[in-house]
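The lines below spell out each chain.
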Amino acid sequence: MTTTRFAPSPTGYIHVGNLRTALFNYLIARKSGGQFILRLDDTDPERSKQEYADGIMEDLEWLGLTWDRVEKQSNRLERYEQAAQELRDMGRFYECFETPTELDLKRKKQLNMGKPPVYDRSALALSDDEKAKLREDRGQGHWRFKLDHERINWTDGILGDISIDAASVSDPVLIRGDGQFLYTLASVCDDVDFGITHVVRGSDHVTNTGTQIQIIEALGGTVPSFAHHSLLTGPQGEALSKRLGTLALRDLREQGVEPAALLSLMARLGSSQPVELMTSLDEITEGFDLSTFGAAPTKFDVQDLFPLTARHLSSLPYEAVAETVTGLGVPTDQGEAFWNVAKENITVLKDLAGWWELCSTGADPVIDDEDKEFVAEALALLPEGPFDDDTWGAWTKEVKAATGRKGRGLFMPLRKALTGMSHGPDMSALLPLLQVIRAKG
Ligand code: GLU
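Computed from a predicted structure; not experimentally measured.

**Q** Just to check I follow, could you spell out the UniProt feature "binding site: ATP" (unreviewed entry) in the chain for this structure?
**A** In the numbering adopted here, UniProt assigns the feature "binding site: ATP" (unreviewed entry) to K242. With respect to the helices and strands, K242 occurs in the loop between β11 (232-233) and α8 (249-254).

Laid out in structure tokens, this is it:
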């Protein structure tokens, strides 16, 4: 069975970059009727917070990306210890004692000599006595996995054939000096134990994948299919990493972005398929094809989410928004008429409030000097309410006959006087909803 996972660290809220990873893994699982696991990579007790774990789940639920199972790495520490012991027993795990400063110095020296900054494995030469002495002086060491110096190859679901020379990569640290298991070991154990068949993640993980393949093989696990999607950039191709903090899903939600808009964009951006508004996850799943995604960095413009949101909203039937509409104070019997008038003129749902304010309390009229007399004459002809769908037509016909004005010269000053704006909904539909007409004085 196809099993995928989305594995955020609960050290912050998730953003559009994470969403791509979550969505692709979700879609792969759903498309083949498989399982989608939410895995919380919380081995760092200082930075991991329940608040973020809750926030991540809330954001995924908002989007409808439901998971079949949730797993927490902090519940699996015994399993990681057991895997570490297996690696020790097979001579693939060794204790090192260099301080960060010493490691930094080594790296600088290598770089100065034009060499790649790969850990030199000097700890492998330490005798048991030397290690005991170092442990006494410096405390427990950190543990590195001893890579096999050969090429690591895989066919990536997006990048195609990849080959990494293991000798060009430092032996990864899997346990810190303070005993904390690091992501690489935990992730590998989980992927093996949970039967993960497909891993999609950002291309910043390509090197990790190389080392993880070797660890999985050492532990006797089955290597999943890997695919690495490109990283998002800003609209001009600029790095997005620093701005991702402002692109948290909860901020977009707060700004009024609709799930359908976000999912539709993310399921297609960077692929050869056009972005189109899709309104259900089933439709998105149906059309999803990982092989259509390219390796080039993907430009993301948050502004693209708003026209999609507007289009989605304008397609919604009244029932979908009735609660929001009546929540604004719109009388139940006018709710549907109000929605039909307003829906084409909003970008996000909260724009409705402005239209209801216009209807319920009226707008400051905008009357150009040259239209003053005309507007006064026209308003004198406006019948007493309540208005209906025919009022505008009948009224403007009468105004035309009385003043000789027609077309834009007739309609625009009236629109501006009644709504304070030069654009907006169809006036014959809007007029019956205008409960207060301030232009009348
Ligand atoms: N917690 C890791 C991250 O957020 C997971 C990477 C992976 O998918 O293995 O980068």
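Read on for the rest.
**Q** Would you mind going over the site of the ligand with me for this structure?
**A** Around the ligand sit R5, A7, S9, D41, Y183, S187, R201 and H205, and that is every residue in its neighbourhood. Within the side chain of S9, an N or O atom sits 3.3 Å from a nitrogen atom of the ligand. When the ligand sits alone it has 300 Å² of accessible area, and the protein chains cover 79% of it. The cavity where the ligand resides is the largest pocket. For the shell around the ligand, the class distribution of residues is two nonpolar, three polar and three charged.

**Q** Help me understand a negative patch on the surface, please; the structure alone is not making it clear to me.
**A** On the surface, D388, D389, D390 and D426 cluster together into a patch of negative charge. Classification of D389 by relative accessible area gives exposed; the value is 57%.

**Q** Which parts of the structure should I look at to understand the packing of aromatic side chains?
**A** Ring pairs (aromatic) are described by centroid distance and by the angle formed between their planes. Taken as a whole and assessed by the stated rule, the structure comprises 10 aromatic pairs. Where Y13 meets Y52, the ring centres are 4.9 Å apart and the plane angle is 80 degrees; that geometry is what we call edge-to-face. Taken as a pair, Y13 in the loop between β1 (3-6) and α1 (16-31) and Y52 in helix α2 (residues 50-63) lie far apart in primary sequence, 39 residues in all. For Y13, a relative accessible area of 29% translates into the label partly exposed. With 5.3 Å between their ring centres and 45 degrees between their planes, F24 and F288 make a pair best called tilted. Of this pair, F24 sits in helix α1 while F288 sits in the loop between α10 (281-287) and β12 (298-299); the two residues are 264 residues apart in sequence, bridging distant segments of the chain.

**Q** Hey, could you run me through the environment of S428 in this one?
**A** Tracing the backbone through its elements, the reader meets S428 in helix α18 (residues 427-430). Owing to a relative accessible area of 19%, S428 belongs among the buried residues under this scheme. In this structure the C-alpha to C-alpha distance between S428 and D390, which are 38 residues apart in sequence, comes to 6.9 Å. Setting aside residues up to four positions removed in sequence, S428 forms contacts with D388, D389 and W392. Within the structure, the side chain of S428 is placed 3.1 Å from the side chain of D426, a separation counted as a polar contact.

**Q** I would appreciate a short explanation of the pairing of strand β9 (residues 198-202) in the present structure.
**A** Each regular strand shows side chains that alternate between the opposite faces of the sheet. Along β9, four of the five residues are buried, which leaves the element largely enclosed by surrounding structure. As defined by bridge partners, β9 adjoins strand β10 (residues 225-229) across five bridges and the pair is classed as parallel. Residue pairing across strands places R201 opposite H228, the latter belonging to β10.

**Q** What exactly am I supposed to notice about the nonpolar core here?
**A** A general trend in soluble globular proteins is that nonpolar side chains are found buried together. V16, L23, L60, L65, L262 and F300 are the most contacted members of the largest nonpolar core, which has 52 residues in total. Mapped by element, the contributors of at least two residues to this core are α1, β2 (35-40), α2, α8, α9 (259-266), α10 and α11 (305-314). Sort the elements by how many residues they give to this core and α1 lands first, with nine residues. In this structure F300 touches V16, L232, T233, G234, P235, L240, L247, L265, M266, L269 and L305, once residues within four positions along its chain are discounted. One finds V375, L410, L434 and A439 within the second-largest nonpolar core, a separate group that totals 37 residues.

**Q** Looking at this model, I keep getting lost on the layout of surface pockets. Mind explaining?
**A** Over the atoms rolls a probe the size of a water molecule, and its path tells where empty space is left. Taken as a whole, the largest pocket spans an internal volume of roughly 740 Å³. Taken together, 29 residues form the lining of the largest pocket, with H15, N18, T21, D204 and H205 sitting closest to its centre. Mapped by element, the contributors of at least two residues to the lining of the largest pocket are β1, α1 and β9. Considering each element in turn, the lining of the largest pocket owes the most residues, four residues, to α1. Estimates place the volume of the second largest pocket at around 240 Å³. Considered class by class, the residues forming the lining of the second largest pocket number three nonpolar, five polar and three charged.

**Q** Where do I start with the sheet that holds β1 in this structure?
**A** Either a parallel or an antiparallel arrangement is found when strands of a sheet pair, and the pairing is made through backbone hydrogen bonds. The three strands lie next to each other as β1-β2-β3, forming an open sheet whose pairing is parallel. The two strands at the open ends of the sheet, each matched to only one other strand, are β1 and β3 (69-72). For this sheet, the mean inter-axis angle between neighbouring strands, taken without regard to orientation, is 30 degrees. Looking at chain direction, β2 and β3 are connected through four bridges and run parallel. Note that in β3 the partner of R39 across the bridge is E71. Its contacts with the sheet place α2 against β1, β2 and β3, and it is angled at close to 155 degrees to β2. Where helix α6 (residues 183-193) meets the sheet, its contacts fall on β1 and β2, and the angle it forms with β2 comes to roughly 155 degrees.

Quick notes on the rules
- Residues numbered from 1 in each chain as written.
- Predicted model: local features only at pLDDT ≥ 70, side-chain atom pairs only at ≥ 80, totals over all residues.
- Heavy atoms only, no water.
- UniProt positions renumbered as here; feature names shortened; annotations may be inferred.
- Helix = DSSP H or I, 4+ residues; strand = E, 2+ residues; numbered from the N terminus.
- Near = heavy atom within 4 Å.
- Polar contact = N/O pair within 3.5 Å; in protein donor to acceptor, adjacent residues only side chain to side chain.
- Areas by Shrake-Rupley, 256 points an atom, 1.4 Å probe, with all protein chains shown as cover.
- 1 Å grid on protein atoms, 1.4 Å probe; cavity = no way out; pocket = protein on both sides within 12 Å on 5 of 7 lines; lining within 4 Å.
- Sits in = over half its atoms within 2 Å of the grid points.
- Nonpolar A, V, L, I, M, F, W, Y, C, P; charged D, E, K, R; others polar.
- Patch = residues over 30% accessible without salt bridge, like charges linked within 9 Å, V, L, I, M, F, W, Y side chains within 5 Å.
- Salt bridge = Lys/Arg side-chain N within 4 Å of Asp/Glu carboxyl O.
- Lys, Arg positive; Asp, Glu negative; His and termini not counted.
- Charge placed at Lys NZ, Arg CZ, Asp CG, Glu CD.
- Buried < 20%, exposed > 50% of the residue type's maximum accessible area, 1.4 Å probe, protein only.
- Phe/Tyr/Trp six-rings, centres within 6.5 Å; stacked < 30°, edge-to-face > 60°.
- Contact = heavy atoms within 4.5 Å.
- Pairing = 2+ DSSP bridges.
- Core = buried A, V, L, I, M, F, W, Y, C linked by side-chain atoms within 4.5 Å.
- Points joined across faces, edges and corners; volume = space filled by probe spheres on them.
- Axes fitted to C-alpha atoms, helices over the stretch in contact; angles between N-to-C directions.

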